[in-house]
Amino acid sequence: MQTGFIEGGGRVVAAAGWQGSYRSAATTPLEPAEIMAGHLLFVAFRLLTSNAAFVVVMAAFGVSKGWWVIATLPAALLTGLAFATPIAAWAVGLRSPSKMNSAFRFVLMPMYMFSGTFFALDQLPHWLRVAANALPLTQGVELCRSLSLGSATSLEVLGRGAYLLALAIGGIAVARLTYRRRLHP
Amino acid sequence: MSGAVLVEARGLTKTYPPRNGDAQGHRAVDGIDFELGRGEAFGFLGPNGAGKASTMRRVAAISPVSGGSLRVLGMDPARDGPEIRGRIGVVPQDDCLDRELTVRENLYIYGRYFGLSKAVIRERLADLLALLEDKADEQVEALSGGMRRRLTIARSLINEPEILLLDEPTTGLDPQARHVLWDRLFRLKQEGVTLILTTHYMDEAEQLCDRLAVMDGGKIVAEGSPRELIDAHVTREVLELRFPTGEQEDASTRLRDGGVGGRVELLPDRVVVYTDDGEAALAMRTHCRSSRSPHSSAGPPSRTSSSS
Ligand SMILES: Nc1ncnc2c1ncn2[C@@H]1O[C@H](COP(=O)(O)OP(=O)(O)OP(=O)(O)O)[C@@H](O)[C@H]1O
Ligand SMILES: [Mg+2]
């Protein structure tokens, strides 16, 4: 999630704004949707490489069991993209990074706390647990965790995967519009 | 194909969506017409915010029109954007370079955006890098503003464009670099490249452009060859008069009433008289004052006159 946020958030604000990378690419035959796709490919690359590093460390310390750990690569990629695409869709319209910083502080950090990343959700009161379960990060964390431990059921994988995929695709659909609006004003 | 119309705009209008504050949206280009042939050089002049860049962005097919019609290279920018952009070069007002990369890498990546092969880019680089002296492998961050400007111009030529759009190309360049660039643009023009540029420098417009359009408030307020515009709107001399505080208004009224024989403009710090005979106007101004306010303690007004 963090990688998805950094590469799909702050970097998009910079590229669309003061850095001008998008503006110069927009004067070439590239269409805004292609520029967006290029950026998302880069985000995917960053996600895959940093996740691969995690997997290597986990395997080296014997945290995970068996070859199932490889399956966390696409799962973590999907989780990252489920954040990166909606965030990029929003970020491309921003004129300054200050809103992006607030989003990190007031949306992303709390989500981090209540997504079962650091402590088990069973400790929460019932209503909060239901809400926390609906968070995309919870879904991503559970998906990766169960896969790496080899305890995943196929129904669970499908359900969580579909949820994250819907977010990623929805983000792309909105980003196609917002990229065009910003790059072809 | 000389004489072919490459750009044709009729009643071109651009309204930006409303931003915080104004409810209606901002009409940056307000119904302008122009036409451009191959190998022609066309210049837009006008004050800040006149809508020059907004007009250029329409032609560059990077911004949809709000009204009127526009054809570029015989195509419709709304439908054939990528194709039009592939045959156009753009020098934006702010450079938009990748500062972390070197000069060479900037040119290379931009070339790749056009789908050019490595071999083709390498071949064109040799020629383009001549514009940048020995800075080919320098990081853009470390370049001076003028060098960056030259790189932006070199970059815009990587796809060998048929139309080149230049937004204030020589702002920030030293006089020598300016001439290098003018020379280059002149050669391009002779090779049949159509130039559209904006500038704030009258001498540049006169040097480079066959035709000029003066824009203000999103409209074209005057159009013609540089010579025609100068003959029609520029007087031979401009007289600037400074008066002590408080006397300025009176003095300008008196100059006007006295039939100074040119346009009189009252500015916050001085009165400007556009006339063909500055000496006569100056004499008259002195006469006006000495005859009407003999006890004035004012010193002689400072005077600058320029001829064109
Ligand atoms: N993307 C945009 N959204 C909203 N308004 C815009 C946008 N781009 C330009 N404008 C407005 O349109 C008007 C014309 O701007 P434009 O950049 O075309 O001026 P210009 O003639 O190039 O001026 P300058 O000499 O300062 O470069 C300005 O009032 C500007 O604020
Ligand atoms: Mg401008």
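To keep things clear, this report deals only with the structure shown in the data block. (Residues numbered from 1 in each chain as written. Chains lettered and ligands numbered in written order. Predicted model: local features only at pLDDT ≥ 70, side-chain atom pairs only at ≥ 80, totals over all residues. Heavy atoms only, no water.)

**As for the packing of aromatic side chains**
All names here are of chain B. Applying the stated criterion across every chain, the model contains 7 aromatic pairs over all chains. A centroid spacing of 6.4 Å and a plane angle of 65° characterise the contact between Tyr-110 and Tyr-113, whose relative ring orientation is edge-to-face. One end of the pair, Tyr-110, and the other, Tyr-113, are both in helix α3 (residues 103–113), 3 residues apart, so they sit about a helical turn from each other. Taking relative accessible area as the criterion, Tyr-113 reaches 27% and is therefore assigned partly exposed. Within the aromatic cluster, the residues linked to one another by ring pairs are Phe-34, Phe-42 and Phe-44. The ring of Tyr-110 has Arg-155 sitting right over it, with the charged end atom 4.7 Å from the ring centre. (Phe/Tyr/Trp six-rings, centres within 6.5 Å; stacked < 30°, edge-to-face > 60°. Helix = DSSP H or I, 4+ residues; strand = E, 2+ residues; numbered from the N terminus. Buried < 20%, exposed > 50% of the residue type's maximum accessible area, 1.4 Å probe, protein only. Lys NZ or Arg CZ within 6 Å of the ring centre and 35° of its normal.)

**Quick word on helix α4 (residues 118–128) of chain B**
Residue and element names in this part refer to chain B. The set of residues buried in α4 consists of Ile-121, Arg-124, Leu-125 and Leu-128. Burial along α4 is one-sided: seen end-on, the buried residues are contained in an arc of 115°. In α4, the exposed positions angled more than 90 degrees off the buried face are occupied by Arg-122, Glu-123 and Ala-126. (Arc of directions from axis to C-beta.)

**A look at the pairing of strand β3 (residues 41–45) of chain B**
All names here are of chain B. Burial analysis of β3 places 5 of its 5 residues in the buried class, the great majority of the element. Taking every second residue as pointing to the same face, both faces of β3 are buried, with Ala-41, Gly-43 and Leu-45 on one and Phe-42 and Phe-44 on the other. Pairing of β3 with strand β8 (residues 211–216), which is carried by 4 bridges, proceeds in the parallel orientation. Paired with Phe-42 across the strands is Arg-211, a residue of β8. (Pairing = 2+ DSSP bridges.)

Worth remembering: the numbers are spatial, not functional.
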